[in-house]
Number of protein chains: 2
Amino acid sequence: MGGLPAGARVAVVGADAAGMSAAASLRRLRPDLDVVAFEQGPDTSYSMCGIPAYVGGLVADAEDLVVRTPAELRASGIAVHTRTEVVALDSAARRVTVRDLDAGRERDEAYDALVYTAGAHPVTGDLPGVEHGHVVHTLEEGRRLRQVLDARDDIERVAVVGAGYIGLELAEALVRRGLPAVLIDRNPQVMPSLDPAMAAHVERALVDFGVEVRLGESLTGISAAGGRCAAVTTDRATHPADAVVLALGARPRVALAQAAGCAVGSSGALVVDERMRTTVEGIWAAGDCVESRHIVSGGPVNVQLGTHASKQGKVAALDIAADGDGPARFPGVVGTAVTTVCDTEVARTGLSTAEAEQAGIAVAETTFGATARADYLPAPGEVVVRMLAEVGSGRLVGAQLVGTGNVGKRIDVAATWCQLGVRVQDAQLFDLAYAPPFGGVWDLLQVGARKLTRTLGLSPVL
Amino acid sequence: MGGLPAGARVAVVGADAAGMSAAASLRRLRPDLDVVAFEQGPDTSYSMCGIPAYVGGLVADAEDLVVRTPAELRASGIAVHTRTEVVALDSAARRVTVRDLDAGRERDEAYDALVYTAGAHPVTGDLPGVEHGHVVHTLEEGRRLRQVLDARDDIERVAVVGAGYIGLELAEALVRRGLPAVLIDRNPQVMPSLDPAMAAHVERALVDFGVEVRLGESLTGISAAGGRCAAVTTDRATHPADAVVLALGARPRVALAQAAGCAVGSSGALVVDERMRTTVEGIWAAGDCVESRHIVSGGPVNVQLGTHASKQGKVAALDIAADGDGPARFPGVVGTAVTTVCDTEVARTGLSTAEAEQAGIAVAETTFGATARADYLPAPGEVVVRMLAEVGSGRLVGAQLVGTGNVGKRIDVAATWCQLGVRVQDAQLFDLAYAPPFGGVWDLLQVGARKLTRTLGLSPVL
């Protein structure tokens, strides 16, 4: 108790969502502490999720995505060192070794508490020619891709490898710029976090928008001509492409912390408790590099989203400020996500069918079509709803929405139900908003709750 | 127990949302029962909420709003008698007297169980000239208004008296048709279910759209010339108007049931239990004519919304089918409502400040502006958020949203929190969906939850 003494030093590794949210909270909670941050790249606190919009030109400048610049952070009392890589972490001596990437010099920096928010690094593999591919995991990488697209007028076709959220958003952004895009993934579906039937609707939206979609093809290499990407080869075809973006996901960046003794969980991310403490005294962690508890399955997961990073950073800061007796506890995640792809909104929460199976949770499922507005109004929109509930209890286990008509954020109701273990038989009678511009008298999610109640043989069947 | 015997007769008074939802459920649950319905008007099962859109021409035909016609209901085994008014109810003899409005003849009809879904009747008062005003509480009345608007080319201005949901939607619909509209209300604000600061934003949207808004003026009469409305007079002005719509709200239609001994509560609506039983044996009630428990305040309220009517009808049917031992219980209402007025979405749930005060619940409040999408995207929209939480516990007591950018249905998350008594300090850390097209990393409602947690001195302050 008692907290860190005045003047104690908190070092933050990484200066994006998790790290800067922790640092800002620490400045507010304990202005007497010395907060220093080390960031490998040139940018701080930016919206990683906005990069596809920037690449596509919907957002004019990379700087528009920056929430707080290094100068702003410094003005707020956070000593940010950009272009400064942490290369070693000695948890016993409470010391990091950092390298100034511009000067090429290393130095040691002491800390009393350390917030490890090193994020994740994009997976690229070591296939032949991989060096000709772009990744867009950082704003700097986004700038590079956009510069190439802006500068070259000989680009006739771009390949995007990887059909997760970022890959899809990039493929759309390219087509929006007028660049033909081929989207390649080794899986038989886009967006592996969706059940296949729902992913098929997203695939259709991509195809209708003009994206060429090639599923079930594994990348085998990138061939270059004149030092530039010329084609992408897979186990099934060769796709001519003047540029290629690798959007193959990212792995938690844990190496330094792991070397310092921090435990890594089965998800590949750092083990932390509810207060974001790692297993090593004096080291907290938050953001893309940590493992969270999935509230529905109870199992460990690594979910890389800014929304979790921001919350976890604050929880860590509260604990550090109180020296290990912080009042906040990160409750875990429900697996909620939303995006807009090719004018289609896609949202999910809880577990997919495959995830429920892995977790050993027996579920009943329903999938049905509906409209986003009353069907007698102009442009009622189309939505496909999928919901899963647990056999026996009726607890909502997951939900997925794909559709037009601004239905994405409706997933939050299902997310709240998942978070609190609400049963579909009870959810049927909740007081949700109704008016014709928003659908029918029975809310979409309540239609699903009714169907599942019936399927599961629960009561009452309304 | 044991249920009604096969062939028993269930009479339904009224054939709109509550009544036909009960009747349809009864047909499904107990095809052996005889279900008969009496409806005063010519229409059955229509979307009352769609009437303003029809009056405005957004919906071409009145029939587009009809979910099930009398013929369709009959084909499904529900013996609907339209243009048939129930004029007496003898609960001891289990008999109603009905009048065939076309033939002008009365007859008695026996029942074993009765579902009283008589709805509400519009308030008009008895001011001079009130007979020249239109009401639009039924589809038939909507048809009449639309016919007048379609037929007459001498209408230069229409007055709408009453600035609740329907009044606002009608004023908008008139302006959309190219008809100047003046909206008059004796209250100092539009939409009394909103707190004044929020209502001011709705008023601005109306004015910007071209509606002339006159608040704080009490209707004193309608003056006619040549048998038609010529002007609306208030205690402060005379407003020339070639037609006038009275949208002054509606009172629960309880007279027959009350005369038969059914208790009426302080809200003016019929007292029912969770299974929709009135206080008289053999009579159930549902829809606009019943009183519900407000889950947040615990007090009795009369909320006239199709969404409750449909649910209550089903709950009543389940109880009748099981002869008083039905498995479903209507849990009450949270006061959730949504609408779109002049391209602005308006939503509310829980209690307003005034309602919380009446209920004796001490609250802290927050009101703030935000964007519906990330602020760096084109057309980020504008939203004003207001939230109320209970002093001491932190339980969310109410929320209101006014804005552009499709935020209306986001109220459902707050509604679910109100329904379940979620505390703002916990809500801060829920896993809600984030992506730039839907706002910032912190969901709007979580921003509010954070503010309220801080204001209330609760923990953790993130």
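Let me sum up the structure you'll find in this document.

## Concerning the overall build of chain A
At step 1: A tally of regular secondary structure across chain A gives 12 helices and 24 strands.
At step 2: Compactness check: chain A gives a C-alpha radius of gyration of 23 Å against a globular reference of 23 Å for 462 residues, within 12% of the reference.
At step 3: If one aligns the C-alpha atoms of chain A with their principal axes, the spans along those axes are about 65 × 60 × 35 Å.
At step 4: Buried residues in chain A amount to 58% of all 462 residues.
At step 5: Pairs at least 24 apart in sequence give 62% of the contacts found in chain A among residues at least 6 apart.
At step 6: Taken as a whole, chain A presents about 16,400 Å² of accessible surface, with 49% of it coming from carbon and sulfur.
At step 7: Looking at chain A, you have 42 positive and 55 negative side-chain charges, and the mean spots of the two groups are 3 Å apart.

## Thoughts on the relation of the copies chain B and chain A
At step 1: Aligned on chain A, chain B shows an RMSD of 0.0 Å; the corresponding rotation is 180° and the shift along the axis is 0.0 Å. What the rotation and shift describe, once combined, is the action of a two-fold rotation axis. Minimal C-alpha distance to the rotation axis in chain B is attained by Val413(B), lying at 2.5 Å.
At step 2: Of all interface residues in chain B, 100% are interface residues in chain A too; the two copies therefore contact each other through one and the same surface.

## Side note on the interface of chain B and chain A
At step 1: The interface of chain B with chain A comprises 69 residues on the first partner and 69 residues on the second.
At step 2: Between chain B and chain A the total buried area reaches about 5,600 Å² when both faces are included, carbon and sulfur atoms providing 66% of it.
At step 3: The tally of links between chain B and chain A comes to two salt bridges.
At step 4: In this structure, Asp443(A) engages Lys409(B) in a salt bridge whose closest nitrogen and oxygen atoms are separated by 2.6 Å.
At step 5: Our count for the chain B to chain A interface comes out at 18 residue pairs in polar contact (both at pLDDT 80 or more).
At step 6: Secondary structure elements with two or more residues in the side of chain B that touches chain A: helix H8 (306–321), strand E20 (337–341), helix H10 (411–420) and helix H12 (444–455) of chain B.
At step 7: Along the lines of polarity and charge, the residues of the side of chain B that touches chain A split into 38 nonpolar, 18 polar and 13 charged.

## Remarks on H8(B)
At step 1: Taking 1.5 Å as the rise per residue, H8(B) with 16 residues should run 22 Å; its terminal C-alpha atoms sit 22 Å apart, in good agreement.
At step 2: Counting buried positions over the 16 residues of H8(B) gives 16, a clear majority of the element.

## A closer look at the sheet that holds strand E20 (residues 337–341) of chain A
Residues and elements named next belong to chain A.
At step 1: Ordered by their spatial adjacency, five strands build an open sheet running E20-E21-E24-E23-E22, and the pairing between neighbours is antiparallel. With partners counted over all chains shown, the strands left at the sheet margins are E20 and strand E22 (363–370), one partner each. Averaged over neighbouring strand pairs, the angle between their axes works out to 10° when direction is ignored.
At step 2: Of the pairings in the sheet, the one linking E20 to strand E21 (residues 344–350) comprises five bridges and is antiparallel in character. Across the sheet, threonine 340 pairs through a bridge with glutamate 345, a residue of E21.
At step 3: Set on the sheet, helix H5 (residues 165–176) makes contact with E20 and E21; between it and E20 the angle comes to about 20°.

## What to know about the pattern of salt bridges
At step 1: Taken as a whole and assessed by the stated rule, the structure comprises 60 salt bridges over all chains.
At step 2: With a closest N to O distance of 2.8 Å, Asp43(A) and Arg143(A) form a salt bridge. Residue Asp43(A) is located in the loop between strand E2 (34–38) and helix H2 (51–56), and its partner Arg143(A) is located in helix H4 (residues 139–151); the two are separated by 100 residues in the primary sequence. One exposure class covers both Asp43(A) and Arg143(A), and it is buried.
At step 3: Of the charged contacts in the structure, one is a salt bridge between Arg386(B) and Glu365(B), with a shortest N-O distance of 3.1 Å. With Arg386(B) in strand E23 (residues 383–390) and Glu365(B) in strand E22 (residues 363–370), the pair connects residues that are 21 residues apart, well separated along the chain.

## What about the sheet that holds strand E15 (residues 243–246) of chain B?
All names here are of chain B.
At step 1: Reading across from one edge, E11-E10-E9-E15 is the order of the four strands in this open sheet, with parallel pairing throughout. Pairing within the sheet leaves two strands with one partner each, and these edge strands are strand E11 (212–215) and E15. Neighbour-to-neighbour, the strand axes of this sheet turn through a mean angle of 20°, independent of strand direction.
At step 2: With four bridges connecting them, strand E10 (residues 181–185) and E11 associate as parallel partners. In the sheet register, aspartate 185 faces E11, and the bridge partner there is leucine 215.

## Observations concerning unusual backbone geometry
At step 1: Of note, the bond from Ser459(A) into Pro460(A) is cis; its omega dihedral lies within 30 degrees of zero at 0°.
At step 2: Mapping Pro460(A) onto the fold places it in the segment after helix H12 (444–455).
At step 3: With phi around 45°, Met191(A) is a residue other than glycine that occupies positive phi space.
At step 4: Topologically, Met191(A) is positioned in the loop between strand E10 (181–185) and helix H6 (196–209).
At step 5: Despite not being glycine, Arg94(B) has its phi angle at roughly 50°, a positive value.

## Some details on the packing of aromatic side chains
Residues and elements named next belong to chain A.
At step 1: With the rule as written, the count across this model stands at two aromatic pairs over all chains.
At step 2: Directly above the aromatic system of tryptophan 442 lies the positively charged group of arginine 450, at a separation of 4.1 Å from the ring centroid.
At step 3: Between lysine 451 and the ring centre of phenylalanine 368, over which it is positioned, the NZ or CZ distance is 5.1 Å.

## Some details on the side chain of Ser47(A)
At step 1: Counting through the fold element by element, Ser47(A) comes out in the loop between E2 and H2.
At step 2: A relative accessible area of 9% places Ser47(A) in the buried class.

## Some remarks on the environment of Ser297(B)
Residue and element names in this part refer to chain B.
At step 1: With respect to the secondary-structure elements, serine 297 resides in the loop between strand E18 (292–293) and strand E19 (300–301).
At step 2: Judged by relative accessible area, serine 297 falls into the partly exposed class, the value being 28%.
At step 3: Residues serine 297 and valine 333, 36 residues apart in the sequence, show an inter-C-alpha distance of 10 Å.
At step 4: Look past the residues within four positions of serine 297 in its chain and what remains in contact with it is Leu351, Ala359 and Ile361.
At step 5: Within the structure, the side chain of serine 297 is placed 3.0 Å from the backbone nitrogen of glycine 299, a separation counted as a polar contact.

## Examining the pairing of E21(A)
All names here are of chain A.
At step 1: Burial within E21 is extensive, with seven of its seven residues counted as buried.
At step 2: Once E20 ends, the chain turns through two residues before running back antiparallel as E21, passing cysteine 342 with a positive phi of about 50°.
At step 3: Across six bridges, E21 lies against strand E24 (residues 396–403) in antiparallel orientation. Each residue of the ladder has a partner; that of glutamate 345, found in E24, is glycine 403.

## A short note on the environment of Glu169(A)
All names here are of chain A.
At step 1: Inspection of the secondary structure assignment puts glutamate 169 in helix H5.
At step 2: Residues glutamate 169 and valine 341, 172 residues apart in the sequence, show an inter-C-alpha distance of 6.0 Å.
At step 3: The contact partners of glutamate 169, leaving out residues within four places of it in the chain, are Cys49, Pro52, Thr339 and Thr340.

## Here's the deal with the nonpolar core
At step 1: One finds Met387(A), Trp417(A), Met387(B) and Trp417(B) to be the most contacted residues of the largest nonpolar core, which totals 80 residues.
At step 2: Contact partners of Trp417(B), with chain neighbours within four places excluded, come to Thr416(A), Met387(B), Leu396(B), Val422(B), Ala427(B), Phe430(B), Leu432(B), Leu445(B) and Gln446(B).

## Focus: the pairing of E23(B)
All names here are of chain B.
At step 1: Where burial is concerned, most of E23 is hidden: eight out of the eight residues are buried.
At step 2: Covered by surrounding structure in E23 are Val383, Val385, Met387 and Ala389 together with Val384, Arg386, Leu388 and Glu390, the residues of both alternating faces.
At step 3: Pairing between E22 and E23: eight bridges, direction antiparallel. Of the residues in E23, the one forming a bridge with threonine 367 is arginine 386.
At step 4: One ladder, built from seven bridges, connects E23 with strand E24 (residues 396–403); its direction is antiparallel. Residue pairing for E24: methionine 387 is matched across the bridge by alanine 399.

Thresholds applied
Residues numbered from 1 in each chain as written. Chains lettered and ligands numbered in written order. Predicted model: local features only at pLDDT ≥ 70, side-chain atom pairs only at ≥ 80, totals over all residues. Heavy atoms only, no water. Helix = DSSP H or I, 4+ residues; strand = E, 2+ residues; numbered from the N terminus. Rg over C-alpha atoms; globule rule 2.2 N^0.38 Å. Buried < 20%, exposed > 50% of the residue type's maximum accessible area, 1.4 Å probe, protein only. Contact = heavy atoms within 4.5 Å. Areas by Shrake-Rupley, 256 points an atom, 1.4 Å probe, with all protein chains shown as cover. Lys, Arg positive; Asp, Glu negative; His and termini not counted. Charge placed at Lys NZ, Arg CZ, Asp CG, Glu CD. Least-squares fit on C-alpha atoms with pLDDT ≥ 70 in both. Buried area = accessible area lost by both parts, 1.4 Å probe. Salt bridge = Lys/Arg side-chain N within 4 Å of Asp/Glu carboxyl O. Polar contact = N/O pair within 3.5 Å; in protein donor to acceptor, adjacent residues only side chain to side chain. Nonpolar A, V, L, I, M, F, W, Y, C, P; charged D, E, K, R; others polar. Expected span 1.5 Å × (residues − 1). Pairing = 2+ DSSP bridges. Axes fitted to C-alpha atoms, helices over the stretch in contact; angles between N-to-C directions. Phe/Tyr/Trp six-rings, centres within 6.5 Å; stacked < 30°, edge-to-face > 60°. Lys NZ or Arg CZ within 6 Å of the ring centre and 35° of its normal. Core = buried A, V, L, I, M, F, W, Y, C linked by side-chain atoms within 4.5 Å.

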